[in-house]
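One letter stands for each residue in the lines below.
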Amino acid sequence: MKKIIYFFILTFFLSNISFAREKNIQVIDGDTIHIGKHKYRFFGIDAPETKQVCQKDNIKIQCGVIAKNILKNKIANKIPACVVKDKDRYQRLVAECFIGKESLSKFMVREGYAVAYVQYSKDFIEDEKYAKENKLGIWAMTFQIPSEYRKSLRNK
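What you see as residue numbers is a count from 1 along each chain, following the sequence as written. Reporting in this predicted model follows two pLDDT cut-offs: at least 70 for local features of residues, and 80 or more for side-chain atom pairs to be given and counted; totals over whole chains, interfaces and linings ignore these cut-offs and use all residues. With hydrogens and water set aside, each side-chain value is computed from the structure's full complement of heavy atoms.

This brings us to the nonpolar core. Ile33, Tyr40, Leu71, Cys97 and Met108 are the most contacted members of the largest nonpolar core, which has 25 residues in total. Runs of H or I in DSSP of at least four residues are treated as helices and runs of E of at least two as strands, each being numbered from the N terminus. Looking at which element gives the most residues to this core, the answer is strand 9 (residues 93-99), with five residues. In contact with Cys97, not counting residues within four places along its chain, are Ile33, Tyr40, Phe42, Pro80, Ala81, Cys82, Glu102, Ser103, Leu104 and Ser105. We call a set of buried Ala, Val, Leu, Ile, Met, Phe, Trp, Tyr and Cys residues a nonpolar core when their side-chain atoms join them within 4.5 Å. The cut-offs for exposure are 20% and 50% of the maximum accessible area for each residue type, with area from a 1.4 Å probe on protein chains only; residues under the lower value are buried, those over the upper are exposed, and the others partly exposed. Residues Cys63, Ala131, Ile138 and Met141 belong to the second largest nonpolar core, which totals nine residues. By definition in these notes, contact holds between two residues if any of their heavy atoms fall within 4.5 Å.

Written as structure tokens, this is what we have:
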């Protein structure tokens, strides 16, 4: 009986993990990647949009581009494994993706290049607090929360 239960647990777990078998990995921005034909939106975080600009010492900084490049450098030539949690309204797979055992969502928030998306998850609040206290990434700048930035674009 235990073997059957373990089999079902393992089957369920593996059915929710996507391994990129191909090298066709594209980083769209700091919280979205495409692997082959699959589009993944990182669960529980929100990174600056690619065209989003932040400021530091009255200098405009392309913080969205920086976030994208930080993620791109982190992934490098490795193949992420993604645990799919949901699908969003844009038909992207909402997932937590990993390089080895390291969560890319946690990494982006803790390094200060994404915020915890608390309306969807409380998982990365402590990582955001760490980045904020240490003035890492966007927390060293003046910036608009990414969801507010997107909202301001819709209102124009």
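This paragraph deals with unusual backbone geometry. For Gln91, which is not glycine, the phi dihedral falls at a positive 70°. In this structure, Lys135 takes a positive phi of about 50° despite not being glycine. Taking relative accessible area as the criterion, Lys135 reaches 58% and is therefore assigned exposed.

Turning our attention to the pattern of salt bridges. Any carboxyl oxygen of Asp or Glu within 4 Å of a side-chain nitrogen of Lys or Arg constitutes a salt bridge here. Tallied over the entire structure, the rule returns eight salt bridges. Here Arg150 makes a salt bridge to Asp46, at a shortest N to O gap of 2.9 Å. In this pair, Arg150 sits in helix 5 (residues 146-154) while Asp46 sits in strand 5 (residues 45-46), placing the two residues 104 residues apart along the sequence. By relative accessible area, Asp46 is classed as buried at 1%. One salt bridge connects Asp88 with Arg92, and the closest N-O pair in it is separated by 2.6 Å. Classification of Arg92 as buried rests on a relative accessible area of 18%. Through salt bridges with shared partners, a single ionic network connects Asp31, Arg41, Asp46, Glu49 and Arg150.

In this section: the state of the cysteines. Note on terminology: a disulfide is the covalent bond linking the sulfur atoms of two cysteines. Cysteine sulfur atoms that pair up within 2.5 Å are treated as a disulfide. Using the criterion set out here, one finds two disulfides in the structure. Linked covalently through their sulfurs, Cys54 and Cys63 form a disulfide whose S-S length is 2.0 Å. Because the torsion about its S-S bond is 70°, the bridge between Cys54 and Cys63 counts as right-handed. Assessed through its relative accessible area of 1%, Cys54 is described here as buried. Judged by its relative accessible area of 1%, Cys63 falls in the buried class. Shown here is the disulfide that connects Cys82 with Cys97, its sulfur atoms set 2.1 Å apart.

Think of an α-helix as 3.6 residues a turn; residues three or four steps apart then line up on the same face. To estimate how far a helix should reach, multiply one less than its number of residues by 1.5 Å. Taking 1.5 Å per residue, 13 residues should reach 18 Å; helix 2 (residues 63-75) reaches 18 Å between its end C-alpha atoms and fits that length. By the burial criterion, the buried members of helix 2 are Cys63, Gly64, Ala67, Leu71 and Ile75. For helix 2, the buried positions fall inside an angular range of 120° around the axis, keeping them on one side. With its phi angle positive at about 50°, Ala76 sits one or two positions after the end of helix 2. Note that the arc is computed from the directions linking the helix axis to the C-beta atoms.

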